[in-house]
Amino acid sequence: MSLTNENYFSPENQMKYMGVSQFKAFEKCPASALAVEVKGEYVLPKKTALLVGSYVDSHFEGTLDIFKAQHPELLKRDGNLKAEYVHAEQIINYLENDDLFMEYMSGEKQVIMTGEIEGVAVKIKVDSLLPDKIVDLKIIKDFEPIYVPEKGRLNFIEAWEYDLQGAVYQEIVRQNTGKTLPFFIAAGTKEADYPDKKIIEIPQSYLDVELEHFKKQVPYFDAIKKGLIKPERCEHCTFCKATKVLTEPISLEALEYE
């Protein structure tokens, strides 16, 4: 089965291939990743903030009409867009009026490629692939630092592991084209008063470190997918809370430790 936009996230292809989003889900909670990302046995609630970003993504992909049809909750009873998505249209107009931003988004859209890393089949979908660069579109809350437990305050790229994404994309593109291309983030914000925008190149040194991180972990996550290792539960995420079964009381000391 060849990968297409329609079947990219199908259970069959989620099981067959490792993607960056799937990898990051396994990092957070293996049990949730297996049930939600791979098998589709549990569907997480959709958040409006994520849908706003997806709305803008779909516009630049050229699939906005399909996205609207799949998400009737975007519309009010009178058929007009809800306020959040009117704001999404404003973000789109803001980004499209910037020549440099649109230059970086002018490449071939939604390019699907596959390859192997440490013997594991990997898939990617590039937002904008140009002859001399890889560009991924990100619509985020703002450019303020983000607190990550045990890591402290990080910039949004490191907080959301977009440098890891860049590393994997660069490697799979290299395997398919023979060229090691620089990786850029084309970012726009969803701030209510007025959006912001940046084009950010992720240094090669960051990409090299993150590719090694991916190589180290991906065989373990692949073994979980294949049923060779039982997935651990984090007991903190939405999936773990929804499927939790109490077996015994815990002590106050254990509560404080959590």
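Residues numbered from 1 in each chain as written. Predicted model: local features only at pLDDT ≥ 70, side-chain atom pairs only at ≥ 80, totals over all residues. Heavy atoms only, no water.

1. Focus on the packing of aromatic side chains
One pass over the structure, following the stated rule, counts 14 aromatic pairs. Ring geometry for Tyr8 versus Phe9: centroids 4.9 Å apart, planes at 80 degrees, classification edge-to-face. Grouped by ring-pair contacts, the aromatic residues Phe23, Phe26, Phe214, Tyr220 and Phe221 constitute a single cluster. Against the face of Tyr8 rests Lys123, its NZ or CZ located 4.2 Å from the ring centre. (Phe/Tyr/Trp six-rings, centres within 6.5 Å; stacked < 30°, edge-to-face > 60°. Lys NZ or Arg CZ within 6 Å of the ring centre and 35° of its normal.)

2. Some details on helix α6 (residues 83-96)
The terminal C-alpha atoms of α6 lie 20 Å apart, and with 14 residues this matches the ideal 20 Å at 1.5 Å per residue to within 8%. Taken as a whole, α6 has its buried residues at Tyr85, His87, Ala88, Ile91, Ile92, Tyr94 and Leu95. Within α6, the buried residues cover an arc of 165 degrees as seen down the axis, which keeps them to one side. Contact partners of the buried residues in α6: α4 (48-61), α7 (99-104), β3 (133-140), β6 (183-189) and β7 (197-201). (Helix = DSSP H or I, 4+ residues; strand = E, 2+ residues; numbered from the N terminus. Expected span 1.5 Å × (residues − 1). Buried < 20%, exposed > 50% of the residue type's maximum accessible area, 1.4 Å probe, protein only. Arc of directions from axis to C-beta. Contact = heavy atoms within 4.5 Å.)

3. Considerations on the layout of surface pockets
What the second largest pocket holds in volume is close to 300 Å³. Taken together, 11 residues line the second largest pocket, and the ones lying closest to its centre are Glu235, Lys244, Val245, Leu246 and Ile250. Split by residue class, the lining of the second largest pocket holds 3 nonpolar, 3 polar and 5 charged. (1 Å grid on protein atoms, 1.4 Å probe; cavity = no way out; pocket = protein on both sides within 12 Å on 5 of 7 lines; lining within 4 Å. Points joined across faces, edges and corners; volume = space filled by probe spheres on them. Nonpolar A, V, L, I, M, F, W, Y, C, P; charged D, E, K, R; others polar.)

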